[in-house]
Amino acid sequence: MRIENHIGSPLGTHLKRVTTVLLLLFLFAHAHASYLLIPMDDMQKNHLKSYGIAYWALQRDVEVTWLLNYRGGAFMMKHADAIERECRLRGVTCEIIADGQSSAILSHIADPAVNMDAVKLQKAPRIAVYSPKSKLPWDDAVTLVLTYAEIPYDVVYDEEVVSGVLPTYDWLHLHHEDFTGQYGKFWGSHHNQQWYIEDVRTQEAMANKLGFSKVSQLKLAVAKKIRDFVMGGGFLFAMCSAPDSYDVALAAEGVDICDVMFDGDPMQPNAQELLDYSKCFAFKDFRISTNPSEYEISTIDIDDRSRQRTVNEKNDFFLLFDFSAKWDWIPTMLTQNHTRIVHGFMGQTTAFRRETVKTSCIILAENKEFNEVRYLHGDYGKGTWTFLGGHDPEDYRHYVGDPPTDLSLYPNSPGYRLILNNILFPAAKKEKHKT
């Protein structure tokens, strides 16, 4: 007896039911294994490249949900074989979860009693890094981590900024730069070095090309273009000497604070009294360094070289503040990490002196024991700025001429995670802003 000729028989009916159940189970399994979760807690093998995966997905119009304070700031998105494969290729830990699991996570996060939130990331931000085209004997932590995380960026410098290119970008980074026109205050220690001589020559040539008689005037024009970029809605992130020198340059508009070896004439005798702190993003009541041989720009930085800073490497840690994710979602986003305690690292500007920080700023991290502010955030116009002290999160004292840090040795660096938090920040859905 042929079964197919008796499909209406009890046996045929049973086979039909079994086939239907198996098909439903197959469809159920595939319909529910439909999200990809990238954990950012201690289970993650490569935190830094995880940000690159999120950016890669955004580039392909995949909406990414950033789960603030959930598993270290996990990322969740619709599952796709291509994204899963990219995670495997880059060594990023990922989990495939069912639709019901995803809904349960979002429901848990939405609980008012839980300090978590979910933020939609919808568009890959266009990134610019302000950096000289000539080779200098130090590297840039941001370009190092962008390259390692495989996040694309453009390099812009004075000529591009003055020409008005910044509004075409969403995010701008400033690193080891001196916007005061004093060449990083390296004159006392390195003015006979060939790289310093060449840097001065290159900067002076560019100033002349762009119609400025002094490098300090060019740098001020650049600083004002950056200010306008932020005012118009841009996102600014700065590290090392950039936060210090940037605000000093803005405060010193119209005031000559450069000595003769920097610009050919002496500084104004009453320069300090002429500073206008209202023009600054973050700082107030600081004093500029008038000693040309001192490797310091102002009293914003708690200077280690003059023994004012008593912190040593073993006890140099700073604490990331814990914010209310549902109400203070922006500072929460900027402090996402798998640890709240981060090992400190030095730079030309290492730590911000608390009394020079404006009360309008949001302090994101500090070393409370030594009264040091390490990480700052604020609004300016329609945009925002974030300042982080120190030069390289995984090289405590990064000297001129030291080799670049190999980030493959530090794939879970909490310090470098702070940089990458800022890179994804502009992708956040604007409607998510809370008042």
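Parameters at a glance
- Residues numbered from 1 in each chain as written.
- Predicted model: local features only at pLDDT ≥ 70, side-chain atom pairs only at ≥ 80, totals over all residues.
- Heavy atoms only, no water.
- Axes fitted to C-alpha atoms, helices over the stretch in contact; angles between N-to-C directions.
- Helix = DSSP H or I, 4+ residues; strand = E, 2+ residues; numbered from the N terminus.
- Parallel < 35°, antiparallel > 145°, perpendicular 65-115°, else oblique.
- Left-handed = near helix turned anticlockwise from the far one by under 90°.
- Contact = heavy atoms within 4.5 Å.
- Pairing = 2+ DSSP bridges.
- Salt bridge = Lys/Arg side-chain N within 4 Å of Asp/Glu carboxyl O.
- Buried < 20%, exposed > 50% of the residue type's maximum accessible area, 1.4 Å probe, protein only.
- Phe/Tyr/Trp six-rings, centres within 6.5 Å; stacked < 30°, edge-to-face > 60°.

Draft legend 1. Spatial organisation of the packing of helix H2 (residues 47–59) against helix H5 (residues 141–149). Where H2 contacts H5, the axes come no closer than 8 Å and their chain directions differ by 70°. In terms of orientation, H2 lies roughly perpendicular with respect to H5. As for how H2 packs across H5, the hand of that crossing is right-handed. Residue-level contacts link Leu48, Lys49 and Gly52 of H2 to Val145, Tyr148 and Ala149 of H5.

Draft legend 2. How the structure looks around the sheet that holds strand E2 (residues 64–68). With antiparallel pairing, the five strands of this open sheet are ordered in space as E4-E1-E3-E2-E5. Of all strands in the sheet, those bounded by a partner on one side alone are strand E4 (95–97) and strand E5 (117–121). Taken pair by pair, the neighbouring strands of this sheet meet at an average axis angle of 30°, ignoring direction. Two elements, E2 and E5, share five bridges in a ladder whose sense is antiparallel. Directly across from valine 64, in E5, lies its bridge partner leucine 121. Contacts from helix H3 (residues 81–90) reach strand E1 (35–38), strand E3 (74–78) and E4 within the one sheet, and its direction differs from that of E1 by about 25°.

Draft legend 3. Quick peek at the pattern of salt bridges. By the definition in use, this model includes 22 salt bridges. Linking glutamate 95 and arginine 71 is a salt bridge whose minimum nitrogen-to-oxygen distance equals 3.1 Å. You can see glutamate 95 sitting in strand E4 and its partner arginine 71 sitting in the loop between E2 and E3, a full 24 residues away along the chain. Where glutamate 253 meets lysine 279, a salt bridge forms, and the shortest distance between an N and an O atom there is 3.2 Å. Taken together, the residues glutamate 253 in the loop between helix H10 (241–251) and helix H11 (260–263) and lysine 279 in the loop between H11 and strand E10 (317–320) connect sequence positions 26 residues apart. For glutamate 253, a relative accessible area of 26% gives the class partly exposed.

Draft legend 4. Examining the packing of aromatic side chains more closely. For the coordinates displayed, the defined rule picks out 17 aromatic pairs. Centroid distance tryptophan 171 to phenylalanine 237: 6.0 Å. Interplanar angle 20°. Geometry classified as stacked. Of this pair, tryptophan 171 sits in strand E8 (residues 171–174) while phenylalanine 237 is found in strand E9 (residues 235–239), placing the two residues 66 residues apart along the sequence. Using a relative accessible area of 0% as the deciding quantity, one classes phenylalanine 237 as buried.

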